Amino acid sequence: MTLTTKIMGSIVQPNQIIQGTIHITDGKIVRIEEGFPAKTDHVLDFRGKYMLPGLIEVHGHFREPGLEHKEDIPHGTRAGLAGGYTTVFDMPNVKPPTTTVVRVQDQIERYTGRSYTDFAINMGSSVDDISELNKVDPDLITGVKIFTAGHATTPTTIPHLADIARIFEILGQRRIMALLHAENQELVNYFTHKYRDELHRHDLQAWGEARNLSVVLTSALEMIALARQFGVKLHLLHLSTSEEFAAVEFGRQIGVDVSGEVASYQLAFHSDDYARYGSLINVAPALRTPAEQQKLWQLLRQGKIDAVISEHTPHTLAEKQKESVWEIASGMPGIQETLPVLITKWVKHFGCETLEEGLIRIAQVTSQNIAHIFGFEQKGALLAGRDADITVIDTQQVWKVQKEDLFTKNLWSAYEGMELIGRPIATFLRGQLVYGNGKIVGEPLGQRVIRDR
């Protein structure tokens, strides 16, 4: 006999919130009904709490292989469950990078049986491995991640447009999406030389002044132009300015299938916060001014940002605490804190009375839109027929972030000490309770997500 699980509470759907009950059979949502059953035996009661679709992380920097001193798949995906994430996409900048067919298969095997969330693989590329893109099975990957800038000497940075054009031509022919870290390396080099070598600036503000609007906007427009030329579906990663989202809109106007995301830290921190948080919040692309951050919040509320991701990027504290900004590792962990940070900051910006509006929008940009962009339509929404991936949050209780609560291997957080609402109290993966009351439940159940064609 097939058992049906029933979960009741406030259900956040794509365009509304209802008081109702979710019926789950064999890992799928089979029915959603308004109201609560008269008999609540064998029903999980979350009345007074909100249920959102499980979040999807586009940037799973879980550091395997080669960088396990920073993070690993079990730690990172447990942190994901505690943050309400039920699916993660693995990022390819590991050692060796996931730039070949063999390494893609190795990465799938590495996650299998060890991931606490469902997973998919972002393949990478390098100048030496471009031919591998002709060999990979498109169904094994989400798309191909391309670094147009980073550290100029690393094997996965592809700074020259001619090489990127070669990649785009293959991706267009094979109908594979391009995921772009879009900064112009030539401009990065120019401005870094100016601020570091000529002006002898080593402070945190110099980082943002060097990796300025021209660096990101130039590259975004270049990638849109190449996508238009070769018919490539394009996802622009961790955008940081309103002008880049204007570029996304321009791309759509000229016929490019392009989407854009913002990292949660851009919505949580701005350049004035260096004085308080120091190098812990140094990221690439750089943090922007308070005025620019406010523009991003307005775009989010207006539905003009497609996705919000955590960009969970663990580094050791030693790597974050260098004296010169040019030596500091960019990025921060945050997959466990992102959802409550977004909810808390939404209320701060727009008021308590907009909480439910915010929850609907946050569910769209952290789950629904991402599932649609990448073709995983079985995920992303609390609707009949979808996977029963559910995160239950408490917007009444305040969580003061402390490292003792964290599951990431590094056990540090730029958010430590913040008081947040909306911390997940339960996470369900395909209908099974996998996280509850601060603890992981059971063994890793993650499966590779297969594109729903």
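Residues numbered from 1 in each chain as written. Predicted model: local features only at pLDDT ≥ 70, side-chain atom pairs only at ≥ 80, totals over all residues. Heavy atoms only, no water.

**Student:** For the overall build of the protein, give the residues involved together with the corresponding values.
**Tutor:** Broken down by element type, the protein carries 13 helices and 19 strands. Its C-alpha atoms give the protein a radius of gyration of 21 Å, near enough to 22 Å, the size a compact globule of 453 residues would have. Referenced to the eigenvectors of the C-alpha coordinate spread, the extents of the protein come out at roughly 70 × 50 × 45 Å. Looking at the 453 residues of the protein, the share that counts as buried comes to 62%. Within the protein, contacts between residues at least 6 apart in sequence are counted, and of these 72% link residues at least 24 apart. For the protein, the computed accessible surface area is about 17600 Å², with 49% contributed by carbon and sulfur atoms. Side-chain charges in the protein split into 46 positive and 55 negative, and the spacing between the mean points of these groups amounts to 2 Å. (Helix = DSSP H or I, 4+ residues; strand = E, 2+ residues; numbered from the N terminus. Rg over C-alpha atoms; globule rule 2.2 N^0.38 Å. Buried < 20%, exposed > 50% of the residue type's maximum accessible area, 1.4 Å probe, protein only. Contact = heavy atoms within 4.5 Å. Areas by Shrake-Rupley, 256 points an atom, 1.4 Å probe, with all protein chains shown as cover. Lys, Arg positive; Asp, Glu negative; His and termini not counted. Charge placed at Lys NZ, Arg CZ, Asp CG, Glu CD.)

**Student:** I'd love a proper account of the sheet that holds strand β7 (residues 118-121), names of residues and values included.
**Tutor:** Strand order in the open sheet formed by 3 strands is β5-β6-β7, and the pairing between neighbours is parallel. Looking at strand neighbours, the two that pair on one side only are β5 (55-60) and β7, the edges of this open sheet. Pairs of neighbouring strands in the sheet enclose a mean axial angle of 20 degrees, with direction left out of account. With 4 bridges connecting them, β5 and strand β6 (residues 85-90) associate as parallel partners. Considered in β6, the bridge of G60 is made with D90. Helix α2 (residues 101-111) contacts β5, β6 and β7 of the sheet and is inclined by roughly 170 degrees relative to β7. (Pairing = 2+ DSSP bridges. Axes fitted to C-alpha atoms, helices over the stretch in contact; angles between N-to-C directions.)

**Student:** Report on helix α3 (residues 161-174), specifying residues and quantitative values.
**Tutor:** Counted at 1.5 Å a residue, the expected span for α3 with its 14 residues is 20 Å, and the 20 Å between its end C-alpha atoms agrees. Contacts made by the buried residues of α3 are with β9 (144-147), β10 (178-181), α6 (213-230) and β11 (234-239). Phi for R175, located one or two positions after α3, is positive at around 55 degrees. (Expected span 1.5 Å × (residues − 1).)

**Student:** Pulling in residues and values, what's your account of the environment of V256?
**Tutor:** Looking at where V256 falls in the secondary structure, it is placed in the loop between α7 (242-253) and β12 (258-263). Excluding residues within four positions of it along the chain, V256 makes contact with I224, A227, R228, V232 and G251.

**Student:** Give a detailed account of the packing of α7 against helix α10 (residues 290-301), specifying residues and quantitative values.
**Tutor:** Helix packing for two helices is described by the angle between their axes and how far apart those axes are. Look at α7 against α10: their axes get within 9 Å of each other, and the N-to-C directions meet at 40 degrees. One finds that α7 runs oblique with respect to α10. Along the contact surface, α7 presents S242, E243 and F245, while α10 presents E292, K295, L296 and L299. Its residues assigned to classes, the contact of α7 with α10 shows 3 nonpolar, 1 polar and 3 charged. (Parallel < 35°, antiparallel > 145°, perpendicular 65-115°, else oblique. Nonpolar A, V, L, I, M, F, W, Y, C, P; charged D, E, K, R; others polar.)

**Student:** Any details on a nonpolar patch on the surface? Residues and values, ideally.
**Tutor:** There is a patch of nonpolar side chains on the surface, built from L221, F250 and I254 and spanning about 230 Å² of accessible area. Inspection of the secondary structure assignment puts L221 in helix α6. (Patch = residues over 30% accessible without salt bridge, like charges linked within 9 Å, V, L, I, M, F, W, Y side chains within 5 Å. Salt bridge = Lys/Arg side-chain N within 4 Å of Asp/Glu carboxyl O.)

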